[in-house]
Structure formats: C-alpha cells, structure tokens
Amino acid sequence: MAATWVFDVNETLLDLRALDGAVFGGDAALRGRWFSQMIQCALVTTLLGGYRPFGELGAAALAMVAPEASPDALRSGLASLPPHPDVRPALEALRGRGDRLAALTQSKADVLAQQLGNAGIEDLFDAQFSADDAGRLKPAPAPYRYACAQLGVAPGEATMVAAHAWDVAGAAAAGLQTVLVARPGVVPDPSQPAPGRVVETLAALP
C-alpha cells in the first residue's frame with residue numbers, strides 16, 4: 001500500500017539561510033531570532049484561539065527584532081527560497097515507489113505555490129495545503145486533520161515530516177505518524193512524546 005507523506009515547507013524543505021544576506025544583513029543569528037519570534041507569535045495566536053495569516057505574523061516579528069529590515073525583501077525572499085540539497089532526490093525516491101506527497105505550510109496557498117514553483121519541486125507533490133484553509137495555524141489539530149481529510153486518509157495513515165519539534169508534536173496530537181528532520185540545531189523536545197522517527201536528512205525516508 002502506498003504511503004502518504006505530509007511535509008512542512010520552511011526549513012524542512014526550503015533553506016531559510018538564503019534570507020541572511022537579502023534581509024538580515026548577513027546576520028544568521030538575527031534571522032534565527034526573527035523566525036523564533038514569528039513562531040512565538042503564531043503559538044500565542046493559536047493558544048488564544050484566534051487566527052492571523054502567517055505573513056502578518058512574519059511582518060510583526062520582523063518589526064520586533066529587526067525594524068530596520070525591509071518587509072518587501074522578506075516577502076520576496078520567502079517566495080524564492082532554495083530547497084535543501086537532500087529534498088529533490090528524497091522526494092523523487094518516494095514518488096518512485098508510488099507514495100503520495102503533500103505539502104502543509106502555515107503560509108497562504110498563493111505563497112506556497114510560489115515557494116514550491118521557485119524551488120523547482122512543485123512537480124513532486126500530489127497536493128498542497130495551507131493552514132489558512134483550516135482557519136487555524138499549526139500546531140492546532142485543524143490543519144493536520146484538514147490535510148488528511150482532503151487526501152482521503154485517516155490521520156494515522158499519514159506521516160508528518162517536519163524540522164520543528166512543535167510541528168511534530170502538533171501532528172502527533174492530531175493522530176498522524178511523525179518524522180522529525182534533525183537539521184542543524186534541531187533536537188527532539190523532551191517535554192513531548194518522542195517522534196516516530198528522527199532522521200538527519202530526508203534521504204533516510206525511503
């Protein structure tokens with residue numbers, strides 16, 4: 001039976017380091033603080049039961065940690081991120097054995113389409129989903145369950161692949177199987193149930 005894989009996009013598939021020069025003046029640490037602040041904004045919004053588009057939260061985080069940076073440069077940079085080197089070979093291998101691949105991101109659908117298209121990997125996905133369609137941001141259960149419903153599978157029949165411990169925890173709570181991609185600096189969260197698998201690169205998936 002073909003497996004169903006659901007992939008997070010930013011950092012899991014696409015390399016945010018490309019933003020360092022164009023947006024953050026070559027300061028990788030500043031880019032890291034911005035991304036962490038954006039996730040914090042998303043988590044607070046979700047915890048309070050609300051919803052705001054992820055792009056708005058990204059701009060808010062930028063104003064908080066790097067007010068001198070250009071929001072336009074950020075939007076342009078996010079839309080044109082390159083894939084990590086392991087992405088295309090791994091996804092091609094999964095498709096080659098008949099598996100189904102979907103993308104699930106916080107960003108709106110039009111941004112997701114731009115990202116996958118500009119990264120040259122849009123042809124590898126059977127479906128693309130935005131948390132915006134579910135009206136809640138990850139790690140709330142709604143986006144994961146929405147993706148599974150659209151794919152016609154039970155949550156336990158799909159595997160969420162992400163380079164974020166909070167994303168993996170959210171998917172697990174929604175009933176999905178999980179894989180944490182341990183990109184540099186990524187470790188499992190000991191306060192949450194262990195991921196189903198931990199891999200260093202996507203090459204380990206097939």
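Peer 1: I'd love a proper account of the overall build of the protein, names of residues and values included.
Peer 2: Across its full length, the protein holds nine helices and six strands. Computed over C-alpha atoms, the radius of gyration of the protein comes to 16 Å, within 12% of the 17 Å expected from 2.2 N^0.38 for 206 residues, which places it in the range of a compact globule. Its C-alpha atoms give the protein principal-axis dimensions of about 50 × 35 × 30 Å. The burial tally for the protein puts 47% of its 206 residues in the buried class. Expressed as a percentage of contacts within the protein between residues at least 6 apart in sequence, the contacts between residues at least 24 apart total 63%. Looking at the protein, you have 15 positive and 21 negative side-chain charges, and the mean spots of the two groups are 3 Å apart.

Peer 1: Account for the pattern of salt bridges, with residues named and values stated.
Peer 2: For the coordinates displayed, the defined rule picks out 11 salt bridges. The residue R17 makes a salt bridge to D15 at a minimum N-O spacing of 2.8 Å. Assessed through its relative accessible area of 12%, D15 is described here as buried. Residues R97 and D99 are paired through a salt bridge, measuring 2.6 Å at the closest nitrogen-oxygen approach. Overall, R97 belongs to the partly exposed group, its relative accessible area being 44%. Of the residues examined, D99 reaches a relative accessible area of 6% and is grouped as buried. What emerges from the salt-bridge pattern is a single network uniting D8, K138 and D167.

Peer 1: Describe the nonpolar core, listing the residues and the values that go with them.
Peer 2: Formed by 46 residues in total, the largest nonpolar core has its most connected members in F7, L13, L19, W34, I121, F125 and L202. Here this core takes seven residues from helix α2 (residues 28-47), the largest share from any one element. In this structure W34 touches L19, F24, G58, A61, L62, V65, L74 and L78, once residues within four positions along its chain are discounted. One finds L151, A158, L176 and V186 within the second-largest nonpolar core, a separate group that totals 19 residues.

Peer 1: Any chance you could break down the layout of surface pockets for me, citing the residues and the numbers?
Peer 2: Of the voids in this model, the largest pocket is the one considered here, and its volume is about 460 Å³. In terms of lining, the largest pocket is formed by 19 residues, of which the most central are E11, A163, R183, P184 and V186. Put simply, the parts of the chain that give the lining of the largest pocket at least two residues each are α2 and α9 (165-173). Broken down by element, the lining of the largest pocket gets its largest block of residues, five residues, from α2. Split by residue class, the lining of the largest pocket holds nine nonpolar, five polar and five charged. Along the wall of the second largest pocket there are 20 residues; nearest its centre are F54, G55, R75, L78 and V111.

Definitions and limits used
Residues numbered from 1 in each chain as written. Predicted model: local features only at pLDDT ≥ 70, side-chain atom pairs only at ≥ 80, totals over all residues. Heavy atoms only, no water. Helix = DSSP H or I, 4+ residues; strand = E, 2+ residues; numbered from the N terminus. Rg over C-alpha atoms; globule rule 2.2 N^0.38 Å. Buried < 20%, exposed > 50% of the residue type's maximum accessible area, 1.4 Å probe, protein only. Contact = heavy atoms within 4.5 Å. Lys, Arg positive; Asp, Glu negative; His and termini not counted. Charge placed at Lys NZ, Arg CZ, Asp CG, Glu CD. Salt bridge = Lys/Arg side-chain N within 4 Å of Asp/Glu carboxyl O. Core = buried A, V, L, I, M, F, W, Y, C linked by side-chain atoms within 4.5 Å. 1 Å grid on protein atoms, 1.4 Å probe; cavity = no way out; pocket = protein on both sides within 12 Å on 5 of 7 lines; lining within 4 Å. Points joined across faces, edges and corners; volume = space filled by probe spheres on them. Nonpolar A, V, L, I, M, F, W, Y, C, P; charged D, E, K, R; others polar.

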